[in-house]
Structures are given as C-alpha cells and as structure tokens.
Amino acid sequence: SQKIEQNSEALNIQEGKTATLTCNYTNYSPAYLQWYRQDPGRGPVFLLLIRENEKEKRKERLKVTFDTTLKQSLFHITASQPADSATYLCALEQAGTALIFGKGTTLSVSS
Amino acid sequence: GAGVSQSPRYKVAKRGQDVALRCDPISGHVSLFWYQQALGQGPEFLTYFQNEAQLDKSGLPSDRFFAERPEGSVSTLKIQRTQQEDSAVYLCASSAMANIGSGNTIYFGEGSWLTVV
C-alpha cells in the first residue's frame, strides 16, 4: 500500500540546535517533494520544494534533501528558535495529481 | 484579496444538517483544491478544479459531499446530512498554474472548522 511517514509526531529540541525531520514514502514515485509549516488554527504555508533530480535545496536556515533511492526526504532547521515551533508537513507530488500529505511532525523549540 | 479566504471560519452543525463552506481563491488562480484535515492528521485531498471544471473528485468520501466552482473563481463545498465523522477542518488552496503535479506553489486558506454535534 502507499504510505507517507514522518518520523515522529513530536520533536523537542533546545534553541540553537539543528532540528532534523524525516519523511519516508512507500509505493510512490514523486517528481517533487514539498515541505509546509502549519501553526495551530492556521492553514499550511509553503516553505520549500525539491525536485526528484535535486539532492539538496537551501533557503536561509532551512535545508531539504531528497533521496529517491532511499525514498526519503530530510528537512533541517539550523540554529533553531522558539519561533520555529510548529507542525511541519511533507507532501509528495506525482505527475497529474494533487499534493499528498504526511501526518506532520510537531516541533517544539525550547529556550 | 491578498490570500485565499474561507468562510465561515467556524461552523457548528447538528447531525443531519446541511452545510456550505465557501472559498475565495487568490484572484486569477486557475487551480483550486479542497482538503479535509482531521485533528492530528495531515490534509487529505478531496477534489480539484481547473477553472470551472471539476477534474478530480476522487477524494470526496461519499455522495453527501459536493463541490462546485461555477464561474471559475469562488468555490463552495457542500456537505449534506452531516454526520459526526465529518467534523474536521476543511482547507481550500489555489494555484496560479493549471498543470497540477508540476511543482507549482499552492496557497492555503486558514480553513473552515466544522464540528458536527
């Protein structure tokens, strides 16, 4: 069956550390993978997109990797801040289909 | 407006009641999506419009769910004879591009929170 799994439901880290979130998928062939941030009571907000032929993408303190052999994406937030506390969703895109989301990982950054 | 606008933000419906949820996408956006998000879950796809054409409704959970976008802008998601399992956040999203699954950025609204009692 098709599955998207995000490593854990909750991740707690200290301010200044690097947060690493994992997204694994089974029986999909995504051309793109996107990461979104969702705050409580709000809609998801787009952060980064990576293509299947890209290994890594960066934007400010964010870095995404995409390994189609391992069927995995890693999402890193360096120098994390309490303001980074939120739920992070990974989403796959296959040709001609709408985004398919994982359950999300809730990140808490403590000062 | 600047973003995707949804109304009502909160709706409490008695079981068996019909509800209508409205979405105003970003002006000029061709693609419009509806997602359902249960508590603690990721958004799940319901349906997709390209302009006024509903090209994919494979995610609608039952024939009690109906969506339309008659003039290719505003969309309405209607749920008939609501049941408790319909309680969720209903998210609308839009994209400027027509070709989905092509790495286009989609923009979400804040959602309509439906509680069926």
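So, here's what we can say about the structure. A quick note: this is a predicted structure, and the numbers were derived from the prediction, not measured.

Conventions adopted
Residues numbered from 1 in each chain as written. Chains lettered and ligands numbered in written order. Predicted model: local features only at pLDDT ≥ 70, side-chain atom pairs only at ≥ 80, totals over all residues. Heavy atoms only, no water. Disulfide = S-S within 2.5 Å. Helix = DSSP H or I, 4+ residues; strand = E, 2+ residues; numbered from the N terminus. Buried < 20%, exposed > 50% of the residue type's maximum accessible area, 1.4 Å probe, protein only. Salt bridge = Lys/Arg side-chain N within 4 Å of Asp/Glu carboxyl O. Pairing = 2+ DSSP bridges. Axes fitted to C-alpha atoms, helices over the stretch in contact; angles between N-to-C directions. Contact = heavy atoms within 4.5 Å. Buried area = accessible area lost by both parts, 1.4 Å probe. Polar contact = N/O pair within 3.5 Å; in protein donor to acceptor, adjacent residues only side chain to side chain. Nonpolar A, V, L, I, M, F, W, Y, C, P; charged D, E, K, R; others polar.

Here the focus is the state of the cysteines. All names here are of chain A. Summed over the entire model, instances satisfying the criterion amount to two disulfides over all chains. Across a sulfur-sulfur distance of 2.0 Å, Cys23 and Cys90 are joined as a disulfide pair. Here the disulfide of Cys23 and Cys90 is right-handed, its torsion about the S-S bond being about 55 degrees. On the criterion of sequence distance, the pair formed by Cys23 in strand β3 (residues 19–26) and Cys90 in strand β9 (residues 86–93) is long-range, its members being 67 residues apart. With relative accessibility at 0%, the residue Cys90 sits in the buried group.

Residue and element names in this part refer to chain A. Within the structure shown, the criterion is met by nine salt bridges over all chains. A salt bridge links Arg61 to Asp84; its shortest N-O distance comes to 2.9 Å. In this pair, Arg61 is assigned in the loop between β6 (56–59) and β7 (62–67) and Asp84 in the loop between β8 (72–77) and β9, connecting sequence segments 23 residues apart.

All names here are of chain B. Ordered by their spatial adjacency, four strands build an open sheet running β1-β3-β8-β7, and the pairing between neighbours is antiparallel. Strands at the two margins of the open sheet, each flanked by one partner only, are β1 (5–7) and β7 (65–68). Within this sheet the neighbouring strands show an average axis-to-axis angle of 15 degrees, counted without direction. Here β7 runs beside strand β8 (residues 75–79); their pairing, made up of four bridges, is antiparallel. Bridge pairing in β8 links Ala67 to Leu77.

Residue and element names in this part refer to chain B. Assignment of secondary structure puts Met97 in the loop between β9 (88–95) and β10 (107–108). With a relative accessible area of 41%, Met97 lands in the partly exposed category. Met97 sits 69 residues away from Gly28 along the chain, and the two C-alpha atoms are 9.7 Å apart. Other than its neighbours up to four places away in sequence, Met97 contacts Val30, Ser31 and Asn104.

Each side of the interface is counted separately: chain A has 21 residues, and chain B has 21 residues. Across the chain A/chain B interface, buried area totals approximately 1600 Å², and carbon plus sulfur atoms make up 52% of it. Considering only the side of chain A, the residues that lose the most area to chain B are Ala98, Phe101 and Lys103 of chain A, jointly responsible for 26% of the buried surface there. At the boundary of chain A with chain B, the tally comes to one salt bridge. With a closest N to O distance of 2.6 Å, Arg42 of chain A and Glu110 of chain B form a salt bridge. Counting across the interface, chain A meets chain B through twelve residue pairs in polar contact (both at pLDDT 80 or more). By residue number, the principal contributor to the side of chain A that touches chain B is strand β4 (residues 32–38) of chain A, which donates four residues. Tallied by class, the residues present in the side of chain A that touches chain B amount to ten nonpolar, eight polar and three charged.

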